[in-house]
Amino acid sequence: MDRWELILGLGLAFVLVFAVIFIVLYVLKSIGLFGMAKKAGIENSWLAWIPVADMYIMGKLVGKIKLFNQEINKLEVVLPVVCAASIVLGGIPFIGFLISIVYVILNFASIYNLYKKYRGDKAVGMLILSIIFIFMCPIYLFTLRNADPIEGFGDNTNTVAM
């Protein structure tokens, strides 16, 4: 076995390990969103398994948020549209970058509100860990799949202090 075969083999092993990790995290995230959607009585909860469409479920679970003193209604429409725009237009200089930044902010604000809805004061720490260690978000969503929302979140109006 020469050096190039070894490098190719190690590279393939590296890709396979990360592919397995990605699939496991995707399944955990989907199970979490699906479970929360079923428990909340959201129709078409199976959309939690489809990329981009899972943002619809996230939006339905969160409801509406107030971000930068602006109330964002119909988050179940806004999140998937901005996510799709970020994917489609992400390669365009400047415009793609701006849309991607908007998507990241909306996504983190939604995740924060979802954590707050189910874990209250622990939401800030959970969000920080989800940002630093990106693999934590699917794990947290998985752990929330059977949780009940904390009282006071029944109106689906959440505020992010940004």
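Fair warning: this is a prediction, and the values are worked out from it, not measured in the lab.

Peer 1: How should I be thinking about the pattern of salt bridges in this particular structure?
Peer 2: A side chain of one charge can pair with a side chain of the opposite charge when the charged atoms of the two come close. A complete count under the given rule lists 3 salt bridges for this structure. Residue Asp148 is joined to Lys39 by a salt bridge in which the shortest nitrogen-to-oxygen separation is 3.1 Å. You can see Asp148 sitting in the loop between helix H6 (136–143) and strand E3 (157–160) and its partner Lys39 sitting in helix H1 (residues 3–40), a full 109 residues away along the chain. With a relative accessible area of 52%, Asp148 lands in the exposed category. The residue Lys64 makes a salt bridge to Glu71 at a minimum N-O spacing of 3.7 Å. Overall, Lys64 belongs to the partly exposed group, its relative accessible area being 27%. Judged by its relative accessible area of 42%, Glu71 is partly exposed.

Peer 1: Before we go on, may I ask you to explain the layout of surface pockets in this structure?
Peer 2: Picture a little ball the size of a water molecule; that probe, rolled over the atoms, points out where space is still empty. Taken as a whole, the largest pocket holds about 560 Å³ of empty space. Taken together, 23 residues line the largest pocket, and the ones lying closest to its centre are Lys29, Asn107, Ile134, Cys137 and Pro138. Secondary structure elements with two or more residues in the lining of the largest pocket: H1, helix H2 (54–62), helix H3 (75–89), helix H4 (95–119) and H6. When grouped by side-chain class, the residues that make up the lining of the largest pocket number 19 nonpolar, 2 polar and 2 charged.

Peer 1: Would you mind going over the environment of Ile150 with me for this structure?
Peer 2: With respect to the helices and strands, the residue Ile150 is situated in the loop between H6 and E3. When the C-alpha positions of Ile150 and Ser100 are compared, they lie 31 Å apart, and in sequence the two are 50 residues distant. Once you skip the residues sitting within four places of it in the chain, Ile150 turns out to touch Lys116, Lys117, Tyr118, Arg119 and Gly120.

Cut-offs used in this document
- Positions within a chain are numbered from 1, following the residues in the order the chain's sequence is written.
- In keeping with the predicted nature of the model, local features appear solely for residues at pLDDT of at least 70, side-chain atom pairs appear and are counted solely at 80 or more, and the whole-chain, interface and lining totals rest on all residues.
- Side-chain figures throughout are based on the complete set of non-hydrogen atoms in the structure, without hydrogens or water.
- Salt bridge, as used here: a side-chain nitrogen of Lys or Arg that lies within 4 Å of a carboxyl oxygen of Asp or Glu.
- Here a strand is any run of E in DSSP of at least two residues, a helix any run of H or I of at least four, and the numbering for each starts at the N terminus.
- The buried label applies to any residue whose accessible area, calculated with a 1.4 Å probe on protein chains only, is under 20% of its type's maximum; exposed applies above 50%, and partly exposed to all values in between.
- The definitions used throughout rest on a 1 Å grid laid over the protein atoms alone, on which a cavity is an enclosed set of points accommodating a 1.4 Å probe that cannot get out and a pocket is an open set flanked by protein within 12 Å on both sides along at least five of seven lines; lining residues are those having an atom within 4 Å of a point.
- Grid points are joined across faces, edges and corners, and a volume is the space filled by probe spheres set on the points.
- Polar here means any residue outside two lists: the nonpolar Ala, Val, Leu, Ile, Met, Phe, Trp, Tyr, Cys and Pro, and the charged Asp, Glu, Lys and Arg; Gly therefore counts as polar.
- Working rule for contacts: check all heavy atoms of both residues, and any pair within 4.5 Å makes them a contact.

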